[in-house]
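Residue-level structural notes
Chain residues, written in single-letter form:
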Amino acid sequence: MTESPRHDDVATVDELKAIVHQFVDERNWHEFHQPKNLVMSLAIETAELMEHFQWLTPEESARVKDDEQKLHDVGEEVADCLAYLLAIANKLDIDLSTTLRAKMIRNAIKYPVPDDA
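Structural notes, computed from the coordinates.

So, how was this worked out
- Residue numbers run consecutively from 1 along every chain, following the written order of its sequence.
- pLDDT decides what is reported in this predicted model: residues at 70 or higher carry local features, side-chain atom pairs at 80 or more are listed and counted, and totals for whole chains, interfaces and linings draw on all residues regardless.
- Side-chain calculation: all heavy atoms of the structure are included, whereas hydrogens and water are not.
- By definition, any uninterrupted DSSP run of H or I lasting at least four residues is a helix, any uninterrupted run of E lasting at least two residues is a strand, and each is numbered from the N terminus.
- Helix span is expected to be 1.5 Å times the residue number reduced by one.
- Buried means the residue's accessible area, taken with a 1.4 Å probe over protein chains only, is under 20% of the maximum for its type, while exposed means over 50%, and partly exposed covers the values in between.
- A contact between two residues is defined here by any heavy atoms of the two lying within 4.5 Å.
- As used in this structure description, the phrase polar contact means that two N or O atoms lie within 3.5 Å; if the pair is within protein, one of them must be able to donate a hydrogen and the other to accept it, and residues adjacent in sequence are counted only when both atoms belong to side chains.
- To count toward a patch, a residue needs a relative accessible area above 30% and no salt bridge. Like charges then connect within 9 Å, nonpolar side chains (Val, Leu, Ile, Met, Phe, Trp, Tyr) within 5 Å.
- A 1.4 Å probe and the Shrake-Rupley method give the accessible areas. Residues count as covered only by the protein chains that appear here.
- Salt bridges, as used here, are contacts in which a Lys or Arg side-chain nitrogen is within 4 Å of a carboxyl oxygen on Asp or Glu.

Here we take up helix 4 (residues 68-92). The first and last C-alpha atoms of helix 4 sit 36 Å apart over 25 residues, in line with the 36 Å expected at 1.5 Å per residue. Of all the residues in helix 4, the buried ones are V74, E77, C81, L86, A87, I88 and A89. On its buried face, helix 4 sits against helix 1 (13-26), helix 2 (35-51) and helix 5 (96-110). Where helix 4 starts, the residue carrying a side-chain oxygen 3.1 Å from the main-chain nitrogen of Q69 turns out to be D67.

Take a nonpolar patch on the surface next. A cluster of nonpolar residues, F23, W29 and F32, forms a patch on the protein surface that exposes about 310 Å² of accessible area. The topology assignment puts F32 in the loop between helix 1 and helix 2.

One non-glycine residue, N28, lies in the positive phi region at around 55 degrees. Mapped onto the secondary structure, N28 falls in the loop between helix 1 and helix 2. With a phi close to 55 degrees, D93 is a non-glycine residue in the positive phi region. Mapped onto the elements, D93 comes out in the loop between helix 4 and helix 5.

See the structure below:
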């Protein structure tokens, strides 16, 4: 089987947000995409992602990437979660890159690298 090209190294956050926006726009779903509904939908999709790992040992969960069908199914749920995160960012006009960078700086202060690392 031929591997699909990977695009994570070239896709921008704006491009991904635009894909989600266009999908919602084409279906005229903006009235349903209120922050409350989007957050609830994200939680539901996160639970669906969790189902794939629910009864696995840590070792079994790490091997999901070696099973083509399982990896595909997990990837579908990850994509659903990402789509809802992007939709939330669209609705609330959150600049994800700036917000993530600032949060990681705060996390680095809160959780400094141990001296023995």
